[in-house]
Structure formats: C-alpha cells, structure tokens
Amino acid sequence: QVQLVESGGGLVQAGGSLRLSCAASGRTFSNYYMGWFRQPPGKAREFVAHISSGGSTYYADSVKGRFTIPRDNAKNTVSLQMNSLKPEDTAVYYCAAERWASRLRIGAADYWGQGTQVTVSS
C-alpha cells in the first residue's frame, strides 16, 4: 500500500503561482511513477503531469511551460509548481502513484490521494 496526502491548495488570482505537495508513505517510493491529475467542476478527471523516479517528466499540453513536477525521493515527496495560473486551471488536484507510466497517463493508477482544491480567480 502507498498512502498519498496532498497539501497546498487554495485561492489565487490569475497570473499567480501555487505549489502543491504530495507526501507518500508505505511501499518504496522510488519504485513508482508519481503524477498529478485534476478534475475541473462538472468535468472528468484529466492528466496533468508525471515524473519517473529518475526525474523524467511528461506534461499535458495544457500545462506545458507553466507547471513543473519536482520530486524528492529522499523525502518521499512530489510537488506541482504551478505558474501563470488561469481560471481554467481551477480544479481539485490529485496526486497518484503507479509503477507504469502508460497506466498513469490514462488515469489507471493504483494509488490516489484525497485531492486538494485549487481555485483561480479572474
């Protein structure tokens, strides 16, 4: 089992920045791809970004160039640094862990956090 706990959500104005954090416990953190997803109001959950244990990253086109996903294997944490935020970034953001990148990208992760709300005002 892997337990994931997100933190750092909140309200921010458009153009601002916010950093989300996800703390993992349980099985060996370095065995997993770590990812972030989000679910906008009234919409389906969507992939945002993921990172391998070695630091290779992959981003959705909608966030590329604005978001980064740093990871600290020593501290068992993954973050989502969100810059140049837009109102359409408003969503509940979820941290996820999965051994396979292909599964993670389609949302088929084995482990999920409880989510944290991000609201971007215009």
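Keep in mind that what you see is a predicted model, and the values were worked out from it rather than measured.

Draft legend 1. Main features of the nonpolar core. Within the largest apolar cluster, 35 residues are counted, with the highest numbers of intra-cluster contacts made by Leu 4, Met 34, Trp 36, Leu 80, Met 82 and Tyr 93. If you list the elements that add at least two residues to this core, you get β1 (2–7), β3 (18–26), β4 (33–39), β5 (46–51), β9 (77–82), β10 (91–98) and β12 (116–121). The contacts of Leu 80, once residues within four sequence positions are left out, are Leu 18, Arg 19, Leu 20, Trp 36, Val 48, Phe 67, Thr 68, Ile 69 and Tyr 93.

Draft legend 2. Fine view of the side chain of Arg 38. Considering the arrangement of structural elements, one finds Arg 38 in strand β4. For Arg 38, a relative accessible area of 4% corresponds to the buried category. A polar contact of 2.9 Å, which involves the side chain of Arg 38, links it to the side chain of Asp 89. There is a polar contact of 3.0 Å between the side chain of Arg 38 and the side chain of Tyr 93. In contact with Arg 38, not counting residues within four places along its chain, are Ala 44, Arg 45, Glu 46, Val 48, Ser 62, Val 63, Phe 67, Glu 88, Asp 89, Ala 91, Val 92 and Tyr 93.

Cut-offs used in this document
- Residues numbered from 1 in each chain as written.
- Predicted model: local features only at pLDDT ≥ 70, side-chain atom pairs only at ≥ 80, totals over all residues.
- Heavy atoms only, no water.
- Core = buried A, V, L, I, M, F, W, Y, C linked by side-chain atoms within 4.5 Å.
- Buried < 20%, exposed > 50% of the residue type's maximum accessible area, 1.4 Å probe, protein only.
- Helix = DSSP H or I, 4+ residues; strand = E, 2+ residues; numbered from the N terminus.
- Contact = heavy atoms within 4.5 Å.
- Polar contact = N/O pair within 3.5 Å; in protein donor to acceptor, adjacent residues only side chain to side chain.

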